[in-house]
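# What the coordinates show
So you can see what is in the structure, the chains are spelled out below.
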Amino acid sequence: MTIRSIEKLDQVKIHFKKAVFQHRLLHWYQSNKRSLPWREDWLKQKNPYHIWLSEIMLQQTVIKAVIPVYHRFLETLPSLKDLADANEQQVRELVRGLGYYRRFSFLHKAAKQLTEVKPLEWPKTAKEWQKLPGVGPYTAAAVASIAFNDPAAVLDGNVERVLCRLLDIHLPPNLPQLKKPLQLIVDELIDERHPGDFNQGIMELGQRVCTPTQPQCSSCPVSNCCAAFANNTQANAPQPKIKTKKIDVTMNLLIVKDSDHTLLFQRPISAKFLKESWGFVTATSNTQQFSGDGFTLTDSLLSKAEKIGAFKHNITNHKISASVWLLGRKHIMESKLAPHKAKKVRDQYVEKSLIANLDRKAWHIYSRNAHRLGI
Ligand code: SF4
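Predicted model only: the values in this text are computed from it and were never measured.

On to the overall build of the protein chain, then. When you go through the protein chain residue by residue, the secondary structure sums to 17 helices and nine strands. Along the first, second and third principal axes, the C-alpha set of the protein chain runs to 75 × 50 × 30 Å. The contacts in the protein chain between residues at least 6 apart in sequence include a share of 69% that link residues at least 24 apart. For the protein chain, the exposed surface amounts to about 18,500 Å²; the carbon and sulfur share of it is 52%. The positive charge centre, built from 54 side chains, and the negative charge centre, built from 34, are 4 Å apart in the protein chain.

Printed below as a string of structure tokens:
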């Protein structure tokens, strides 16, 4: 039955033999799965740390970007204990470039929490994993199923699309009302004997076969279970995603110089963007008033600064138009602008100290113009 409205969602049900679907999916996965470093590590060492780390890195990030960072991270912090003993700045430096840095602060906090209990007791079920900082339902199900055989089914964007096609649901996959029925379906479908392979198999099917456009139905292992394939409605199931509206943000970034040193400030936990990261003084505005955390960037202060460039940058659903300003240290001390933790960094080490792409873009503007700037 084709589902075209929210009202019909309570009629969604599996119309094929569950055992056939599981068998075909698992067989396909076993013969076609990609060789990925965390999969290889798991096979060799059976260490849940590897699975957990990879799942955190893969949030909102493509596999290609994650692989080199995953290797770099484990070379420096090969065990959970090493991660717990590291300082937060070191952790952030290791994941430079991946974005969404809060997830790694949570990972770090959770590692500390886990290693406080001796001997180490890993959470075993998705429910237990969700009690750790920064672990949501998806990550909990993925780690618990792969590392501990917990039959917890994952529901990510790929799985949502596959299910919409199997059941011929013509609704946007990110429709909030769709989450629960799809979770119930995949909970029912999961192979309880091989939950980790089932979860990885259905996600990989969505990534490589049942792709958003032009799904490869002729080579799909579960085409005989697929209602959209039978009805030739793959293009309608699911419907295009509901787009989240982008929010325009105007931002000033202030680079504070002290001869051949630069002052970096740690953004407070209450900062709107890039909480707790080290960077430049940041003030945002959707009106004419630019305010940061605990200060207001006044016209009088900006009149002492020199505008050295501008750039565009996106953070989640925010479209940021940033202006970069250069200011001598004496002005910032005079105005008591800096309520944040600050550190003075020699210019040649600034690039290495910056983790967020937003700050790095601002620093590149400064570096390109440094030869002509008087401060
Ligand atoms: S048959 Fe086609 S549409 Fe159906 S699950 Fe397979 S790839 Fe997706």
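Turning next to the packing of aromatic side chains. Applying the stated criterion across every chain, the model contains nine aromatic pairs. Residues Trp52 and Trp122 carry aromatic rings whose centres are separated by 6.2 Å and whose planes lie at 90° to one another, so their mutual orientation is edge-to-face. Here the residue Trp52 occupies a position in helix α3 (residues 48–58), and Trp122 occupies one in the loop between α7 (102–116) and α8 (126–129), the gap between them amounting to 70 residues. Assigned by exposure class, Trp52 and Trp122 land together as buried. In textbook terms, an aromatic cluster arises when at least three aromatic residues are bridged by ring pairs, as seen for Trp52, Trp122, Trp129 and Phe148. A cation over an aromatic ring shows up here: Lys343 above the ring of Trp278, its NZ or CZ 4.4 Å from the ring centre.

Further remarks concern the environment of Phe73. Its place among the elements puts Phe73 in helix α4 (residues 63–76). With 20 residues separating them in the primary sequence, Phe73 and Leu53 have C-alpha atoms 9.2 Å apart.

Another aspect to go through is the domain arrangement of the protein chain. As far as domains go, the protein chain holds domain 1 (6–231) and domain 2 (247–372). Of the roughly 1,000 Å² buried between domain 1 and domain 2 on both sides combined, carbon and sulfur atoms contribute 48%. Joining domain 1 to domain 2, the criterion identifies two salt bridges. Linking Lys352 and Glu93 is a salt bridge whose minimum nitrogen-to-oxygen distance equals 3.7 Å.

Bringing the pattern of salt bridges into the picture now. Between side chains of opposite charge, a pair can form as their charged atoms come close. If you walk through the whole model with that rule in mind, you get 15 salt bridges. Between Glu121 and Lys124 there is a salt bridge, with its nearest N and O atoms 3.6 Å apart. Owing to a relative accessible area of 54%, Glu121 belongs among the exposed residues under this scheme. Look at Lys124 and you get partly exposed, because its relative accessible area is 37%.

So, on to the side chain of Arg267. Mapping Arg267 onto the fold places it in the loop between β2 (261–266) and β3 (278–279). Only 2.9 Å separates the side chain of Arg267 from the side chain of Thr282, close enough to count as a polar contact. A polar side-chain atom of Arg267 sits 2.7 Å from a polar atom in the side chain of Asp359.

Let's shift gears to the packing of helix α2 (residues 37–45) against α3. The N-to-C vectors of α2 and α3 enclose an angle of 165°; their axes lie 8 Å apart at closest approach. In this view, α2 runs roughly antiparallel relative to α3, as classed from their interaxial angle. Between α2 and α3 lies a crossing whose hand is left-handed. Taken together, the residues of α3 that come into contact with α2 (itself represented by Trp38, Asp41, Trp42 and Gln45) are Pro48, His50, Ile51, Ser54 and Leu58. Of the residues in the contact of α2 with α3, the class split is five nonpolar, three polar and one charged.

Quick look at the pairing of strand β8 (residues 318–328) now. Counting buried positions along β8 yields nine of 11 residues, so the element is predominantly enclosed. Pairing of strand β1 (residues 247–258) with β8 involves 11 bridges; the strand directions are parallel. Bridging from a neighbouring strand, Leu254 pairs with Trp325 of β8. The pairing of strand β7 (residues 306–315) with β8 spans nine bridges and is classified as antiparallel. The partner of Phe311 across the bridge, within β8, is Ala322.

Lys118 connects to Pro119 through a cis peptide bond whose omega is -5°. Residue placement: Pro119 occurs in the loop between α7 and α8. The linkage connecting Ala237 with the following residue, Pro238, adopts the cis geometry, with an omega of 0°. At Glu276, a position not held by glycine, the phi torsion is positive, near 65°.

Right, let's get into α3. In terms of burial, α3 is a largely internal element, 10 of the 11 residues being buried. For α3, the full list of buried residues reads Pro48, Tyr49, His50, Ile51, Trp52, Leu53, Ser54, Glu55, Ile56 and Met57. Among the structural elements, α2, α4, α5 (80–85), α7, α8 and α9 (137–148) are those in contact with the buried residues of α3. Gln60 sits one or two residues past α3 and shows a positive phi near 55°.

Moving on: helix α10 (residues 157–166). Judged by how many residues are buried, α10 sits mostly within the fold: nine of 10 residues are covered. Packing partners of the buried residues in α10 comprise α1 (18–32), α11 (176–189), α12 (195–208) and α13 (227–231). The backbone nitrogen of Asn158 has a side-chain oxygen 3.2 Å away, supplied by the residue at the start of α10, namely Asp156. In the stretch just after α10, Asp168 is the one whose phi turns positive, near 55°.

Thresholds applied
- Residues numbered from 1 in each chain as written.
- Predicted model: local features only at pLDDT ≥ 70, side-chain atom pairs only at ≥ 80, totals over all residues.
- Heavy atoms only, no water.
- Helix = DSSP H or I, 4+ residues; strand = E, 2+ residues; numbered from the N terminus.
- Contact = heavy atoms within 4.5 Å.
- Areas by Shrake-Rupley, 256 points an atom, 1.4 Å probe, with all protein chains shown as cover.
- Lys, Arg positive; Asp, Glu negative; His and termini not counted.
- Charge placed at Lys NZ, Arg CZ, Asp CG, Glu CD.
- Phe/Tyr/Trp six-rings, centres within 6.5 Å; stacked < 30°, edge-to-face > 60°.
- Buried < 20%, exposed > 50% of the residue type's maximum accessible area, 1.4 Å probe, protein only.
- Lys NZ or Arg CZ within 6 Å of the ring centre and 35° of its normal.
- Domains from an automatic or database assignment.
- Buried area = accessible area lost by both parts, 1.4 Å probe.
- Salt bridge = Lys/Arg side-chain N within 4 Å of Asp/Glu carboxyl O.
- Polar contact = N/O pair within 3.5 Å; in protein donor to acceptor, adjacent residues only side chain to side chain.
- Axes fitted to C-alpha atoms, helices over the stretch in contact; angles between N-to-C directions.
- Parallel < 35°, antiparallel > 145°, perpendicular 65-115°, else oblique.
- Left-handed = near helix turned anticlockwise from the far one by under 90°.
- Nonpolar A, V, L, I, M, F, W, Y, C, P; charged D, E, K, R; others polar.
- Pairing = 2+ DSSP bridges.

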